[in-house]
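An overview of the molecular structure
Spelled out from the first residue to the last, the chains are:
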Amino acid sequence: MLSEEDIAVPVGTTLDRFIMRKQEAFPYATGELSQLIRDIALASKIINREINRAGLINIAGMYGTQNIQGEEQQKLDVIADVRFIRALKNGGEVCAIISEEQDKIIDTGNRHGKYVVALDPLDGSSNIDVNVSIGSIFSVYRRVTPVGTVPNETDVLQSGRKQVAAGYVLYGSSTMLVYTTGHGVHGFTYDASLGEFFLSHTEIKIPEKGKIFSYNEGNYDDFSPAIQSYITDCKTRRYSGRYIGSLVADFHRNMLKGGIYLYPPTQKAPNGKLRLLYECYPLAMLIEQAGGMATDGKQPILDIVPTDLHQRTPLYIGSADMVRTVTQGLETEYAAQ
Ligand SMILES: O=P(O)(O)OC[C@H]1O[C@](O)(COP(=O)(O)O)[C@@H](O)[C@@H]1O
Ligand SMILES: [Mg+2]
Ligand SMILES: [Mg+2]
């Protein structure tokens, strides 16, 4: 059997070629997950085109409806949602989808689809109209209901440890697709002139220690003393405060450079703001594969048992040393309560 080393793939390889080479290491692989990743890549190319010309073709701004989170939907939230759902339906590998922009599970009608996808079609919605980096986030599971039957909530409400793939697309100064199937984290940069994603970042590892901290300063007064003192300590050490306000973009920077992203409970979001299934689980799988950590202040994000499609959680994610320090501070605080 070919080992991972035997099929090391050179930078500059297309996504397609990379997927094929990696698949060779798993003789039992059937190619369905590979095809699913290609379907996600296709949708992201279309969304990338829409984002780049949003201001020209009147798709900037509000759509005029609210999603189940009570958030005003941006036109691009809805467009990205439609594009991903259509690509995954047509691809045939996915039987059910849960999306930030949809109240309920979407039954794709692909009865023989073996996979389930959780989606944040457009992340960083508040940055859409101001030309700041935004993203899409995805998480993939094998279904638990028998193939051929109607999917249900049990297919979606699975532990984060059951993810078979997770990733994001970053629409920034360049467009990148970053994902893992549990064998390292790899990044691909999009060349629109060729319509191809090319391998640009292999085996991404986050530094154990970082010097960047990311949180919304406007929420500082809501934070518990343990969080406030951790932030003060970062400032005392002259770490850099960086906050884009798009989770994918803040996460990506911190993963490459070392750092921590914090979204603790606030008055407005007492259970945290970010959604477990399609924001925190996938990024937690990526960060653990990259050698970092992700907790809710009490336990690893991937160990949280999901109970609701759109449940929220506090999030502390990034360099292991920094997340460990925050989590220990919170544990001491909880123990004293
Ligand atoms: O404006 P706040 O409260 O700082 O929240 C920003 C966070 O909310 C989000 O925009 C939530 O994601 P969506 O845009 O997908 O709803 C994150 O990307 C970002 O990190
Ligand atoms: Mg989001
Ligand atoms: Mg979103």
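Residues numbered from 1 in each chain as written. Chains lettered and ligands numbered in written order. Predicted model: local features only at pLDDT ≥ 70, side-chain atom pairs only at ≥ 80, totals over all residues. Heavy atoms only, no water.

Under an unreviewed UniProt entry, the name given to the protein chain is Fructose-1,6-bisphosphatase class 1, and the source organism is Flexibacter flexilis DSM 6793. Regarding the protein chain, the UniProt comment filed under Pathway (unreviewed entry) reads as follows: "Carbohydrate biosynthesis; Calvin cycle." The Subunit (unreviewed entry) comment attached to the protein chain in UniProt states, word for word, "Homotetramer." (UniProt positions renumbered as here; feature names shortened; annotations may be inferred.)

Near ligand 1 you find 17 residues, and of these Asp123, Asn216, Tyr243, Leu247 and Tyr263 are the closest. One nitrogen or oxygen atom from the main chain of Leu122 is found 3.2 Å from an oxygen atom belonging to ligand 1. A distance of 2.6 Å separates an oxygen atom of ligand 1 from a polar side-chain atom of Tyr243. One can see that ligand 1 is located within the largest pocket. Of all the elements in the fold, those that place two or more residues in the shell around ligand 1 are β5 (115-123) and β13 (260-263). Among the elements that make up the shell around ligand 1, the one with the highest residue count is β5 (three residues). (Near = heavy atom within 4 Å. Polar contact = N/O pair within 3.5 Å; in protein donor to acceptor, adjacent residues only side chain to side chain. 1 Å grid on protein atoms, 1.4 Å probe; cavity = no way out; pocket = protein on both sides within 12 Å on 5 of 7 lines; lining within 4 Å. Sits in = over half its atoms within 2 Å of the grid points. Helix = DSSP H or I, 4+ residues; strand = E, 2+ residues; numbered from the N terminus.)

Let us look at the packing of helix α1 (residues 15-23) against helix α2 (residues 32-52). For the pair α1 and α2, the least separation of the axes is 10 Å and the interaxial angle reads 165°. It follows that α1 is roughly antiparallel to α2 by the angle criterion. Where α1 crosses over α2, the two elements pack in a sense that is right-handed. The segment α1 lies against α2, with Leu15, Asp16, Ile19, Met20 and Gln23 engaging Ser34, Ile37, Arg38 and Ala41. Classifying every residue of the contact of α1 with α2 gives five nonpolar, two polar and two charged. (Axes fitted to C-alpha atoms, helices over the stretch in contact; angles between N-to-C directions. Parallel < 35°, antiparallel > 145°, perpendicular 65-115°, else oblique. Left-handed = near helix turned anticlockwise from the far one by under 90°. Contact = heavy atoms within 4.5 Å. Nonpolar A, V, L, I, M, F, W, Y, C, P; charged D, E, K, R; others polar.)

Among the 14 residues that make up helix α7 (residues 276-289), twelve are buried, leaving the element largely enclosed by the rest of the structure. Downstream of α7 by one or two residues, Gly291 has phi in the positive range, about 90°. (Buried < 20%, exposed > 50% of the residue type's maximum accessible area, 1.4 Å probe, protein only.)

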